[in-house]
Amino acid sequence: MKYRSIASHLLLSSALIGVSSDAIAQDNSSPVDEVVVVGTQIKGSSIAGILPVTSLSETDIELTGAVSGDELLAAIPQLGDVTFTEGAFTGVNGARGDVGSVNLRGVGDGNTLVLLNGRRLVNHPGTQAVNQTPVVSVNSNALPVTGIKRLEVLRDGASAVYGSDAVAGVINTQLDDDYVGLQTQIQYGTSEGTSLDELSGTVKWGKDFNEGRTNVSIFGNVMFRNGMPATDLRNSSTEDLRPFFEGTIYEGDTQLRNTSLDTPWGIFRTVSGGQATGIGDNDFHIQPDTFDGCRGPDLPGGVCADNSGSTSNLANLRLDRARYRDIVGDTDRYNIFSFVNHELDNGIELFGEASYYYADYFRERETAQIITSQRYGVSVPETAFYNPFGEAIAIGRLRPIDAGPRQIKVKNDSFRLLGGARGDWNDWDWETAFLHSEATTKDRTNRVSLTLFQEAIARTDSSAYNVFSGGSTADFSEPSGLNQQSTIDSFLVDVKRDSKTTLTLADAKLSNPEIFTLPAGGVGMAAGVEWRHESYTDDRDDRLDGTITFTDSVTGNTLPSDVMGTSPTPDTNGSRDVFGAFVELALPLVSEDMDIPLVHSFDVQLAARAENYSDVGSVLKPKIAASWFPIEQFQIRGAYAEGFRAPNLEQINATEIRRVNTGREDWILCEAIALDAGDRNFTSDDNCDSVGVEGARGGGPDLKPESNKNFSIGATFELSDYLTLTADWWRIEQTDIVGLFSDQNEISLDYALRLQGSSNPNVVRATPDADLADLFTSVGLDPSGAGEIVEVSQRFRNLNPRTSEGLDIGGQLDFDTDFGRFKISANAAQIREFFQSPSAEGQALIDAVNSGELNSLVDVVGQENLIKENGNPEWRYTGSLRWDKGAWGLGAFYKYVGDVRDTSVTGSDYDFLEIPAFRTLNLYGDYTFEDETYGIFDNVRLRFGVRNVGDKKPPIADEFARGYFVSLHSNRGRYWYGSVRKTF
């Protein structure tokens, strides 16, 4: 690859100098003594010990081997599944490119407040659908993974201290903003057996001026990645997963056949319902002329038409899209952070930050197809050069793969400017700052314009596009090669999406660790005010936002989207102003000096925050936390907090969002087919293929803010100066969560109602064709249910309560011996409860399934117990070891992600496909040249390591088009890397 030879030479040169690496500064503090910023605004207060905080030093971060922010956060057990990830094959309507998100406690993206040096970050401009509801998040890949002084994770609700978004807690990245010296590092890594490799470099520089009163620090990081095609990974090398399940109960199960019916072998029907020459009035498809059932006129290229409706013929022509896909894209990423601190003569310190992030991303995936809402909406005129049927023909299913793969190009960038002042006034520390930050996304993809496509089809000479040419008769997933490239080029267009978010913030706060004294010590206090302005702009392509629509030249019918394979989406924009004020108290009630039995000390934190939103009103939320040390070595701590989260700007301002989701089950159709086969109690969904469904969703100003209550209680036990153990139980009760009932649930409800003689008005169906209408009538079902689903209409709503509960367990052992210094850490997170209270409709479906009224295959989506459901494993844990002796160092990092269930595959006993746990082990060794006799190589650290030593592949899952859960498991396999670092 393009960087591999450069990096190989650099590492080979390094190997000639020495072996292994680490000149890293050691973290000599225990978790109790760690100075943390997150969790309290009172400077100099010891109250931080009340709160459950995970603090990762630079050494801890390096143990993970992470190259990107999403990889680093995935190494923290308390971080749940994420939906912003390049592993998802998101279309233009989702966030894509160099993206990652943050999901503390697994309660959902957007429920965690993310800070940089103690102040919030701007959200990424793209949104992602979670349970078909758009959510927002900070882009975790915009944060560096090297050069971090400390990463702090507050595992506790903190809305009262920090404001909205802190429902599940806070993550604060603390950079070294007062650095002196120069440090450079270069690292190269490659995923074994694949084309993926990465080259990264870091520079960190800082200097004092004006006799130490001024410091300027600059930190820069670059990363260049060559991606990976889907064929490099076993799981995603094919969409037909059945060969991987031979010898199991799922052997041959068509639920695992994810190949597509949308192929170059199109499905058509006559526009007027008349008699196409030699074919008849049924739908017909194109197939190789070696298949049975050929009818009608001769077609060029060894293909023919067949109207028999043979499912076996269509199944043999399915498209394996894996050969056209990348699962990791090419990425060039740049980060730069700069800091200025200057102390005035009067003791006031001025400080400033400036940062910039830029990522250039490229990836390919298969050509888009005509989606459900576009079927039979594009016609082939009777006069078209390649129309041999004597009348106009409507296109049902077609994927013009000779148009080439979609080339996705995404440029993400963001900048942040901050200026402020801090100082002392009497006994008060004060600080104020002004911040402005913007993030933009420019997304471009080559797509097929329906207008230009029909114009190319309608040509009356041989330059016309032939939709009846099918694919290659030698390889059914390849194009026929019969259409001219110049013709194909004539209907390809670049489709754009330009999005932008902004954050402008001004704050002022003051704190005093001792406003007055109680018998147990000084009472600390902090108070502050904050104003912020947030905005969101989403500018869609003219062919998607209604500016350019498609009108069929044959029928005159129109489609609101002119882009093949993409639903229309209007432009969206919105903004809000938020004013907030908080107060926080630290109350020492009992101290060691008071000599009270079984109360070595007892401290309390009280906090409250009021915020006013310009679009959703005002809230006031409290927090109380307490710490009790019965003895000096043992602490019991607990907290109660209330939180809130306003609906995001897309949820409120989007007028209508249309999305097509595949893999939906039209259960009433399955029922009809099963009844016709003589077995109403069908035991698998082989009776019918899953369908693609377009959902029409909308938001509105009537959405209420989400509210939550956060409970926690825990203990720490410092057995000695070397060993500390912690355990914390937590519970989050959320109400009024913004979401949807889900399109699959609406379709399932339509199934239940149709069995009772009515229907669900939210499921809009087309007029059924004669054959399906006759089938429904023959088995005693209303034939109107045979119509293809045109759309599912939905509105965002405030859902019933959701409850999450879990347990965190941690331990750290840090000691010196004659054999070197050892630091051993373990961190485990268990989700004990994750329960969504069903809506009235959801409960009705659950009851109907349990009573046998509905088939047991019906899965009520997003209701009741959600642990292990398509993610959300019950257990995650990590363990790490760092050993140092002199110039030598070794590191190990173990990660465990528990088992989950894949609800898209159901066994004979109606149980779901079990996805086993995923375990990986990382190792590295390093050596530091610490003697001046080495000359230029003095203070050079060499490190060589391997992530995923056992080359564990992600467990196979029936995830659409990927073969594994991208939100849980890594696709990298065994990954080798080496780095050289020089400190001047």
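See the structure shown above.
On a predicted model such as this, the values are computed, not experimentally measured, just so you know.

Glancing now at the environment of Ala 392. Within the element layout of this structure, Ala 392 appears in the loop between strand S19 (378–380) and strand S20 (393–397). Here Ala 392 falls in the buried class, since its relative accessible area comes to 11%. Excluding its chain neighbours within four sequence positions, the residues that come into contact with Ala 392 are Thr 270, Val 271, Val 380, Pro 381, Glu 382, Asn 387 and Val 554.

Of note, Gly 189 is situated in strand S8 (residues 181–191). Here the alpha-carbon distance between Gly 189 and Phe 944, two residues 755 residues apart in the chain, equals 9.7 Å.

Enumeration over the complete set of coordinates arrives at one disulfide. Shown here is the disulfide that connects Cys 294 with Cys 304, its sulfur atoms set 2.0 Å apart. When the S-S torsion is -60 degrees, as for the bridge of Cys 294 with Cys 304, the disulfide is left-handed. In this pair, Cys 294 is assigned in the loop between strand S13 (284–288) and strand S14 (295–299) and Cys 304 in strand S15 (residues 303–306), connecting sequence segments ten residues apart. On the basis of relative accessibility, which here comes to 6%, the residue Cys 304 falls in the buried class.

Taken together, the side chains of Val 203, Trp 205, Phe 209, Ile 218, Ile 336 and Tyr 356 define a hydrophobic patch exposed on the protein surface, amounting to about 480 Å² of accessible area. The greatest single-element share of the nonpolar patch, amounting to three residues, is contributed by strand S9 (residues 197–209). Locating Val 203 in the fold gives a position in strand S9.

Taken together, Glu 592, Asp 593, Asp 595 and Glu 632 make up a surface patch of like negative charges. As for its placement among the helices and strands, Asp 593 is situated in the loop between strand S27 (572–590) and strand S28 (601–613). Residue Asp 593 is classed as exposed on the basis of its relative accessible area of 75%.

The pairing of strands in a sheet happens through backbone hydrogen bonds and is either parallel or antiparallel. Spatial strand order, S31-S32-S37-S36: four strands in an open sheet with mixed pairing. At either end of the open sheet lies a strand with only one pairing partner, and these are strand S31 (657–664) and strand S36 (763–765). Taken over all neighbouring pairs, the strand axes of this sheet differ in orientation by 30 degrees on average, direction set aside. Strand direction decides the pairing type here: S31 and strand S32 (residues 691–698), joined by six bridges, are antiparallel. Across the sheet, residue Arg 659 finds its bridge partner in S32, namely Gly 695. Packing of helix H10 (residues 743–755) onto the sheet brings it into contact with S31, S32, S36 and strand S37 (789–795), and relative to S37 it is tilted by some 110 degrees.

Moving on: the side chain of Ser 140. Tracing the chain through its elements places Ser 140 in the loop between strand S5 (133–135) and strand S6 (148–154). Residues contacting Ser 140, with those up to four places away along its chain left out, are Gly 69, Asp 70, Leu 73, Gly 100, Ser 101 and Val 102.

Our next topic: the packing of helix H9 (residues 667–676) against helix H11 (residues 770–778). Two elements in contact, H9 and H11, have axes separated by 9 Å at closest approach and are oriented at 65 degrees. Relative to H11, the element H9 lies roughly perpendicular. As for the relative orientation of H9 and H11, their crossing is left-handed in sense. For the pair formed by H9 and H11, the contact residues are Ile 668, Leu 669, Ala 672, Ile 673 and Asp 676 on the first element and Leu 772, Leu 775, Phe 776 and Ser 778 on the second.

Inspection of helix H6 (residues 450–457) places Leu 450, Phe 453, Gln 454, Ala 456 and Ile 457 among the buried residues, and these make up the whole buried set. An end-on view of H6 places all buried positions within 160 degrees of arc, on one side of the element. Residues of H6 that are buried make contact with S19, S20, strand S22 (428–448), helix H7 (485–490), strand S25 (550–551) and strand S26 (558–559).

We now examine the nonpolar core. Core analysis: the biggest nonpolar cluster contains 31 residues, and Ile 286, Ile 395, Phe 453 and Val 467 have the highest contact counts within it. Taken together, the elements giving at least two residues each to this core come down to S13, S15, S19, S20 and H6. Once residues lying within four places of it in the same chain are set aside, the contact partners of Ile 286 are Trp 265, Gly 266, Phe 268, Leu 299, Val 303, Cys 304, Ala 305, Leu 317, Phe 468 and Gly 470. Counting residues in each nonpolar core, the second largest holds 27 residues, with Ile 61, Ala 66, Leu 104 and Phe 339 among its members.

The two faces of the sheet receive side chains in turn, since in a regular strand these alternate between them. Across twelve bridges, the pairing between strand S34 (residues 723–735) and strand S39 (residues 802–817) is antiparallel. Looking at the pairing, Arg 731 lines up with Glu 805 of S39. As defined by bridge partners, S39 adjoins strand S40 (residues 820–836) across 16 bridges and the pair is classed as antiparallel. Paired with Asp 814 across the two strands is Lys 823, which belongs to S40.

Bringing the sheet that holds strand S1 (residues 53–57) into the picture now. Pairing within the open sheet is mixed, and its five strands lie in the order S1-S6-S7-S2-S3. Either end of the sheet is taken by a strand with one partner, and the two such strands are S1 and strand S3 (119–120). Note: strand S2 (residues 112–116) against strand S7 (residues 169–175), five bridges, orientation parallel. Counted as the bridge partner of Leu 115 is Asn 172 from S7.

Quick look at H10 now. For H10, with 13 residues, the first-to-last C-alpha span of 19 Å sits near the 18 Å given by 1.5 Å per residue. Most of H10 sits out of view: eleven of its 13 residues are buried. Among the residues making up H10, those that are buried are Asp 743, Gln 744, Asn 745, Glu 746, Ile 747, Ser 748, Leu 749, Asp 750, Tyr 751, Ala 752 and Arg 754. With a side-chain oxygen lying 3.4 Å from the backbone nitrogen of Gln 744, the N-terminal cap of H10 falls on Ser 742. Taken from the residues just after H10, Gly 757 is the one with a positive phi, measuring 95 degrees.

Looking now at the pairing of strand S30 (residues 634–645). Bridging between strand S29 (residues 617–631) and S30 involves seven bridges; their strand directions are antiparallel. The residue bridging Ile 624 from the neighbouring strand is Tyr 640, located in S30. As consecutive antiparallel partners, S29 and S30 are separated by two residues. When S30 meets strand S33 (residues 706–718), the two strands line up antiparallel, connected through twelve bridges. Considered in S33, the bridge of Ala 641 is made with Asn 710.

Rules behind the numbers
Residues numbered from 1 in each chain as written. Predicted model: local features only at pLDDT ≥ 70, side-chain atom pairs only at ≥ 80, totals over all residues. Heavy atoms only, no water. Helix = DSSP H or I, 4+ residues; strand = E, 2+ residues; numbered from the N terminus. Buried < 20%, exposed > 50% of the residue type's maximum accessible area, 1.4 Å probe, protein only. Contact = heavy atoms within 4.5 Å. Disulfide = S-S within 2.5 Å. Patch = residues over 30% accessible without salt bridge, like charges linked within 9 Å, V, L, I, M, F, W, Y side chains within 5 Å. Areas by Shrake-Rupley, 256 points an atom, 1.4 Å probe, with all protein chains shown as cover. Salt bridge = Lys/Arg side-chain N within 4 Å of Asp/Glu carboxyl O. Lys, Arg positive; Asp, Glu negative; His and termini not counted. Charge placed at Lys NZ, Arg CZ, Asp CG, Glu CD. Pairing = 2+ DSSP bridges. Axes fitted to C-alpha atoms, helices over the stretch in contact; angles between N-to-C directions. Parallel < 35°, antiparallel > 145°, perpendicular 65-115°, else oblique. Left-handed = near helix turned anticlockwise from the far one by under 90°. Arc of directions from axis to C-beta. Core = buried A, V, L, I, M, F, W, Y, C linked by side-chain atoms within 4.5 Å. Expected span 1.5 Å × (residues − 1). Polar contact = N/O pair within 3.5 Å; in protein donor to acceptor, adjacent residues only side chain to side chain.

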